[in-house]
Amino acid sequence: MRNRDLNKENIIKQKAIEIIVKDGLNGFTINKLAKACNISVGTPYVYYKDKDDLITKLVIEEGNKMESQINEGFDPDSSFEEGLRVQWTNRYRYAIKNPMILPFLEQINNSHYSQQFAEMFNEKPGMFMSEFKNNLLSFIANTVKRREIDEIPFEVYWSIAFAPLYTLLRFHQQGKSISGLPFVLTDELLWTTFDKVCKALKK
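Basis of the calculations
- Here the residue numbers are simple positions, counted from 1 along each chain's written sequence.
- Predicted model: local features are reported for residues with pLDDT of at least 70 only, side-chain atom pairs are reported and counted for 80 or more only, and whole-chain, interface and lining totals are derived from all residues.
- With hydrogens and water set aside, each side-chain value is computed from the structure's full complement of heavy atoms.
- Each axis is a line fitted through C-alpha atoms, taken for helices only over the stretch in contact, and angles between the N-to-C directions span 0 to 180 degrees.
- In DSSP terms, a helix is any run of H or I states spanning at least four residues, a strand is any run of E spanning at least two, and both are numbered starting from the N terminus.
- Put simply, angles under 35 degrees are roughly parallel, angles over 145 are roughly antiparallel, angles from 65 to 115 are roughly perpendicular, and the rest are oblique.
- Crossings are sorted by hand: turned counterclockwise from the far helix by less than a right angle, the near helix makes the crossing left-handed, and turned clockwise it makes it right-handed.
- Residues are treated as being in contact if the distance between any of their heavy atoms lies within 4.5 Å.
- A 1.4 Å probe that fits but cannot get out identifies a cavity on a 1 Å grid over protein atoms alone, an open set with protein on both sides within 12 Å along at least five of seven lines counts as a pocket, and a residue lines either if it has an atom within 4 Å of a point.
- Grid points are joined across faces, edges and corners, and a volume is the space filled by probe spheres set on the points.

As recorded in an unreviewed UniProt entry, the chain goes by TetR family transcriptional regulator and comes from Chryseobacterium piperi.

This is the structure in structure tokens:
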């Protein structure tokens, strides 16, 4: 059995994410991965049992990293606008620093893996995003209790609070808006949108 090489493993993970973003999950194969990494086709199996094992571990690892970043400095007891601003700042910085991760997770979310990870999330309290979700639910409950926002279904809150941010980030990563014109997300545009979101949610 060959020894594990941390650098090689990191390259395998990086290239796997790049291929999945570029070609989709259906276009991702171990052969294509090996070629992109300039390694033998058997090398990925030193680190992973098969393609599913690789994808599963990638999602968990990247999900844990993302949770850690978006939770940084977030206080569930903070005021509505302050707490939401921290969330937007963390998500924005993470997405700009890791431009492949959101498209990668979007591919996962639109695949058969989505149900698998939903089940894992519900069955394992320590699963990635669980701490963040608990903090966010506490934050929402606290802001409702203080009568800063109305009580609304979580899905509605999420759609209003974060969908505009992720739409702007998607335009930025694609380099064009929905009209096909060139697009770059600036701080001014980001926080102008944030102000609109706050007004939509506040009482």
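(A) Structural detail: the packing of helix α6 (residues 101-109) against helix α9 (residues 154-174). Put simply, α6 and α9 touch, their axes get as near as 11 Å, and they point 110 degrees apart. Comparing their axes, α9 and α6 come out roughly perpendicular. Considering the relative orientation of α6 and α9, their crossing is left-handed. Contacts between α6 and α9 pair L102, P103 and E106 from the former with Y166, L169, R170 and Q173 from the latter.

(B) Structural detail: empty space enclosed by the protein. According to the stated counting rule, one finds 1 cavity of 30 Å³ or more in the structure shown. Empty space within the largest cavity amounts to approximately 30 Å³. Forming the boundary of the largest cavity are M66, I70, R91, Y94, A95, L102 and Y166. Residue assignment for the lining of the largest cavity shows that the elements contributing at least two residues are α4 (51-70) and α5 (80-97). In terms of residue count, the dominant contributor to the lining of the largest cavity is α5 (3 residues).

(C) Fine view of the layout of surface pockets. Taken as a whole, the second largest pocket spans an internal volume of roughly 260 Å³. Lining the second largest pocket are 15 residues; nearest its centre among them are I17, E62, K65, N98 and I101. Counting residues per element, the ones that place at least two in the lining of the second largest pocket are α1 (6-23), α4 and α5. The biggest single contributor to the lining of the second largest pocket is α1, with 5 residues.

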